[in-house]
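# Understanding the architecture of this molecule
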Amino acid sequence: VQLQAYGGGSVQAGGSLRLSCAASGRTFNGYAMAWFRQAPGKEREFVAGISWSGGYTYYYADSVKGRFTISRDNAKSTVYLQMNSLKPEDTAVYYCATDPYPITITTPMNNIDYWGQGTQVTVSS
């Protein structure tokens with residue numbers, strides 16, 4: 001499984017970015033997808049997740065609720081992270097991940113099967 005994340009960049013506070021993560025190498029449908037981020041000097045942290053069990057279930061870190069939206073396009077095997085009202089504290093390298101089981105804020109990162117390379121998001125004040 002390969003995950004290719006892109007869409008990062010530099011933006012001023014209050015601005016928006018949309019990250020994309022394209023999956024290849026296996027069936028995308030039915031697998032959970034998630035975004036994590038890692039700021040300089042900090043541990044990697046959960047941002048948002050989306051899983052399928054008869055319907056989509058969404059998970060968000062409190063710090064991004066109401067500002068970030070995760071979505072997926074199964075036809076394109078792609079998961080998105082729409083980021084609005086960006087803050088300087090959102091500056092980080094963002095990573096996508098996938099696993100057969102739901103990925104939430106309590107999921108041990110060591111349990112997650114596949115990770116993509118990161119994409120840098122920089123928010124200036």
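Our subject is the structure that appears above.
The residue numbering used here restarts from 1 in each chain and proceeds along that chain's sequence as written. Per-residue local features of the predicted model are confined to residues with pLDDT of at least 70, and side-chain atom pairs are confined, for both listing and counting, to 80 or more; whole-chain, interface and lining totals are unaffected and use all residues. To obtain the side-chain values, all non-hydrogen atoms of the structure were used and water was disregarded.

Here, patches come from residues exposed beyond 30% relative accessible area and free of salt bridges, joined within 9 Å for like charges and within 5 Å for nonpolar side chains (Val, Leu, Ile, Met, Phe, Trp, Tyr). Here the Shrake-Rupley method, with its probe set to 1.4 Å, supplies the accessible areas, and only the displayed protein chains count as covering residues. Counted as salt bridges are all cases of a side-chain nitrogen of Lys or Arg within 4 Å of a carboxyl oxygen of Asp or Glu. Together, W52, Y56 and Y58 make up a nonpolar patch on the protein surface, roughly 330 Å² of accessible area in all. Its location among the elements puts Y58 in strand β6 (residues 56-60). Classification of residues uses two cut-offs on accessible area relative to the type maximum, computed with a 1.4 Å probe and protein chains only: under 20% is buried, over 50% is exposed, and between them is partly exposed. Residue Y58 is classed as partly exposed on the basis of its relative accessible area, which comes to 43%. By definition, any uninterrupted DSSP run of H or I lasting at least four residues is a helix, any uninterrupted run of E lasting at least two residues is a strand, and each is numbered from the N terminus.

Strands pair in a sheet through their backbones, by hydrogen bonds, and they do so in one of two ways: parallel or antiparallel. At least two bridges found by DSSP between two strands are what make those strands a pair. Pairing is antiparallel in the open sheet, where four strands are placed in the order β1-β3-β8-β7. Two strands bound the open sheet, and with one partner strand each, they are β1 (2-6) and β7 (68-73). Averaged over all neighbouring strand pairs, the angle between strand axes comes to 15°, with direction disregarded. As judged from the five bridges shared by β1 and strand β3 (residues 17-24), these two strands associate in the antiparallel manner. Its bridge partner being in β3, L3 is matched across the sheet by A23. A fitted line through C-alpha atoms serves as each axis, taken over the contacting stretch for helices, and the angle formed by two N-to-C directions is quoted from 0 to 180°.

Bringing the environment of Y95 into the picture now. Of note, Y95 is situated in strand β9 (residues 92-99). You can call Y95 buried: its relative accessible area is 16%. By definition, residues are in contact when any of their heavy atoms lie within 4.5 Å. Setting aside residues up to four positions removed in sequence, Y95 forms contacts with A34, W35, F36, Q38, R44, W115, G116, Q117 and G118.

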